[in-house]
Protein chains: 2
Amino acid sequence: MENPRNVTVVCYLEKEDQLLMLYRNKKKNDVNGGKWIGVGGHVEANESPEECVVREVREETGYTLLDYRYRGILTFCYNDEPAMYLFLFTSDRFTGEQTECDEGELKWIPKAEIDQLDLWQGDRIFHKLLETRDDFFAMKMVYEGDTLVECTLDGKKVEVS
Amino acid sequence: MENPRNVTVVCYLEKEDQLLMLYRNKKKNDVNGGKWIGVGGHVEANESPEECVVREVREETGYTLLDYRYRGILTFCYNDEPAMYLFLFTSDRFTGEQTECDEGELKWIPKAEIDQLDLWQGDRIFHKLLETRDDFFAMKMVYEGDTLVECTLDGKKVEVS
């Protein structure tokens, strides 16, 4: 059975007011190339998002999640490609030794410095939400290339600059 | 662009301790045929789950949602078919006049009587969760035909009988 390409997860590990960020600099033709994102990836056949996040975090960081929180769902529309449905997780409970990641460079970044990194525009919005929202949120982001042309939060339009 | 078939929404409208249930008796070869479910359906191309639930509720019930809550994500594995990712919503704020539904018969059912209906086994589990959980939950259900052979809640195994 083919893996669905349109359902993905991303996870931000938290430790001492830092997030584990991934600088994507190892894959060719990477839509995320040169950007800092969280760890994650596509669900495999018959995998739930919560199974996927445990597997992807282990593969990409070496850490085993002891717990995680579903924080939101992102609908990510990029040019004319089919929409991606991206489950956003955070975790501050994990164990193991950090390993190297095939897809880029892992680095613990103080939360206060995240906004200075080269991020997707919409990621700046949800990083603020991760700090301020306790409930599950839903964001839709429409990109033309690197430009965020439309953004809605819980169905309501958000100004993009 | 083709609509993705693996991302769906279901919504339970609530009013005076009743839920609006849909008895699926109008479609041929309906995997839900003869069962009571909520209203909902597949996302269309580039549609977010929150846009989809507003559209599907309007199409299937005539009601316009004024608000809704994301309650959980269900990973639904049925025989050898690709997994479905099903966003579970509830709403007690909607307006308009109820219309007929093409896909079955709509009926307001007292919450206390839901469990007496012909439901998917896993639906009995999440209907209880809708009453007891305030936070977002994740359930994976594996069916062989009508039989629920495996169920996990937030990544932990649930006994199925």
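Everything below is about the structure printed above this text.
Residues numbered from 1 in each chain as written. Chains lettered and ligands numbered in written order. Predicted model: local features only at pLDDT ≥ 70, side-chain atom pairs only at ≥ 80, totals over all residues. Heavy atoms only, no water.

Caption draft 1: The arrangement of the side chain of A:E47 in detail. Relative to the elements of secondary structure, A:E47 occurs in the loop between β4 (39–42) and α1 (49–61). Non-local contacts of A:E47, meaning those with residues more than four positions away in its chain, are made with A:H42, A:C52, A:R55, B:T75, B:Y85 and B:K140. (Helix = DSSP H or I, 4+ residues; strand = E, 2+ residues; numbered from the N terminus. Contact = heavy atoms within 4.5 Å.)

Caption draft 2: Focus on the environment of A:V31. Residues and elements named next belong to chain A. Its location among the elements puts V31 in the loop between β2 (18–23) and β3 (36–37). Relative accessible area serves as the criterion here: at 40%, V31 is assigned to the partly exposed category. Along the primary structure V31 and D146 are separated by 115 residues, whereas in three dimensions their C-alpha atoms are 9.5 Å apart. Residues contacting V31, with those up to four places away along its chain left out, are Y78 and W120. (Buried < 20%, exposed > 50% of the residue type's maximum accessible area, 1.4 Å probe, protein only.)

Caption draft 3: Molecular detail of the relation of the copies chain A and chain B. With an RMSD of 0.0 Å, the fit of chain A onto chain B corresponds to turning through 180° and sliding 0.0 Å along the axis. The transformation relating the two chain copies, once decomposed into turn and shift, fits a two-fold axis. Taking C-alpha positions as reference, the residue of chain A nearest the rotation axis is A:F136, located at 3.4 Å. (Least-squares fit on C-alpha atoms with pLDDT ≥ 70 in both.)

Caption draft 4: Summary view of the side chain of A:K140. With respect to the helices, strands and loops of the structure, A:K140 is situated in strand β10 (residues 137–144). By relative accessible area, A:K140 is classed as buried at 8%. At 2.9 Å, the side chain of A:K140 forms a polar contact with the side chain of B:E51. Excluding residues that lie within four positions of it along the chain, A:K140 makes contacts with A:T75, A:C77, A:E150, A:C151, A:T152, B:N46, B:E47, B:S48, B:E50 and B:E51. (Polar contact = N/O pair within 3.5 Å; in protein donor to acceptor, adjacent residues only side chain to side chain.)

Caption draft 5: Focus on the pattern of salt bridges. Summed over all chains, the structure comprises 32 salt bridges over all chains. Note that B:E51 is salt-bridged to A:K140, the shortest N-O span being 2.9 Å. Of the two residues, B:E51 sits in helix α1 (residues 49–61) while A:K140 sits in strand β10, which places them in two different chains. Residue B:E51 is classed as partly exposed on the basis of its relative accessible area, which comes to 31%. Via salt bridges that share partners, A:E44, A:E47, A:R55, A:E56 and A:E59 belong to a single interconnected network. (Salt bridge = Lys/Arg side-chain N within 4 Å of Asp/Glu carboxyl O.)

Caption draft 6: Focus on the interface of chain A and chain B. The interface of chain A with chain B comprises 29 residues on the first partner and 29 residues on the second. Both sides of the chain A and chain B interface together cover about 2,100 Å² of buried area, and 59% of this is carbon and sulfur. Its largest share of buried area at the contact with chain B, chain A owes to A:N46, A:Y85 and A:F136, together 25% of the area lost on that side. Applying the counting criterion to the chain A and chain B interface returns ten residue pairs in polar contact (both at pLDDT 80 or more). Where the side of chain A that touches chain B is concerned, the elements lending two or more residues are α1, β6 (69–78), β7 (84–91) and β10 of chain A. Looking at the side of chain A that touches chain B element by element, the count peaks at four residues for β6(A). Its residues assigned to classes, the side of chain A that touches chain B comprises 16 nonpolar, five polar and eight charged. (Buried area = accessible area lost by both parts, 1.4 Å probe. Nonpolar A, V, L, I, M, F, W, Y, C, P; charged D, E, K, R; others polar.)

Remember, this is a structural readout, not a statement about activity or role.
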